Amino acid sequence: MSNQIYLAAPFFSPKQEEHVRTVQNLLAKNPTLSAKKIFIPMEHQMESEEFGSFRWQTGVFNSDMRQVHRADAVVAILDYKLDTDGINQPDSGTIFEIGAAFEANIPIIMVQFAHDQELNLMLSRSYTAFFNGESEIKQLETYNFNDLPTIFSDVKVF
């Protein structure tokens, strides 16, 4: 079976783009996936429309939501930026996509590169699997997207 994946993540800095590419490369090696069936929003930004225009916003939003709902699973990268207390604050767009997937009963696989970060309670109860830290993230290469086994993390919840 070749599962369709929606890769939700912020991509507003070179480091964030690097995280997207790292996860994309791991997923592309996974035998339960096809590299051609990984939807990466940063590659679908309606270049035909002026960035930020109403038509651009509508097109990107509609495309992303359509792809979330077509996905067999959403893989969401939580690393975005630290708040004033040093706590990771995931990107609001990624959180929205997680919520849309959860409401549609689409499994959510969460990824967090910074393993020492806390996780919001709502996010902690919405995932199917959580890969916390770079060594765990490497397991995306072998995670079974056909069976979607539950993988819990002992990450601290707030």
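Described below are features of the structure shown in this document. (Residues numbered from 1 in each chain as written. Predicted model: local features only at pLDDT ≥ 70, side-chain atom pairs only at ≥ 80, totals over all residues. Heavy atoms only, no water.)

A word on the nonpolar core
- In this structure, Val23, Leu27, Val75, Ile109, Leu140 and Phe145 are the most contacted members of the largest nonpolar core, which totals 24 residues.
- Elements supplying a minimum of two residues to this core: strand E1 (3–8), helix H1 (14–29), strand E2 (33–39), strand E3 (73–77), strand E6 (108–112) and strand E7 (129–132).
- By residue number, the principal contributor to this core is H1, which donates four residues.
- In this view, Val23 contacts Leu7, Val75, Ile77, Val111, Phe113, Ile137 and Leu140; residues no more than four positions away in its chain are not counted. (Core = buried A, V, L, I, M, F, W, Y, C linked by side-chain atoms within 4.5 Å. Buried < 20%, exposed > 50% of the residue type's maximum accessible area, 1.4 Å probe, protein only. Helix = DSSP H or I, 4+ residues; strand = E, 2+ residues; numbered from the N terminus. Contact = heavy atoms within 4.5 Å.)

Notes on the side chain of Ser124
- Of note, Ser124 is situated in helix H4 (residues 121–124).
- Ser124 gets classed as buried once you look at its relative accessible area, which sits at 2%.
- Among the polar contacts made by the side chain of Ser124, one reaches the main-chain carbonyl oxygen of Leu121 at a distance of 2.7 Å.
- Once residues lying within four places of it in the same chain are set aside, the contact partners of Ser124 are Leu119 and Val157. (Polar contact = N/O pair within 3.5 Å; in protein donor to acceptor, adjacent residues only side chain to side chain.)

Some words on helix H2 (residues 54–70)
- If you check H2, its first and last C-alpha atoms are 24 Å apart, about what 17 residues at 1.5 Å a residue would give, namely 24 Å.
- For H2, the full list of buried residues reads Trp56, Gly59, Val60, Ser63, Asp64, Met65, Gln67 and Val68.
- If you follow the buried residues of H2, they end up packed against E1, E2, E3 and helix H3 (92–103). (Expected span 1.5 Å × (residues − 1).)

Some points on the sheet that holds E1
- The parallel open sheet is built from five strands, whose spatial order is E2-E1-E3-E6-E7. Edge positions in the sheet fall to E2 and E7, since each of these pairs with one other strand and no more. The mean inter-strand angle of the sheet, taken between neighbouring strand axes irrespective of direction, is 25 degrees.
- Sheet analysis places E6 next to E7, joined by four bridges and oriented parallel. In the sheet register, Val111 faces E7, and the bridge partner there is Phe131. (Pairing = 2+ DSSP bridges. Axes fitted to C-alpha atoms, helices over the stretch in contact; angles between N-to-C directions.)

Comments concerning unusual backbone geometry
- Although it is not a glycine, Met46 adopts a positive phi angle of roughly 50 degrees.
- Met46 sits in the partly exposed class, given a relative accessible area of 28%.
- Of note in this structure, Leu148 is not a glycine but carries a positive phi near 50 degrees.
- With respect to the helices and strands, Leu148 occurs in the segment after helix H5 (134–137).

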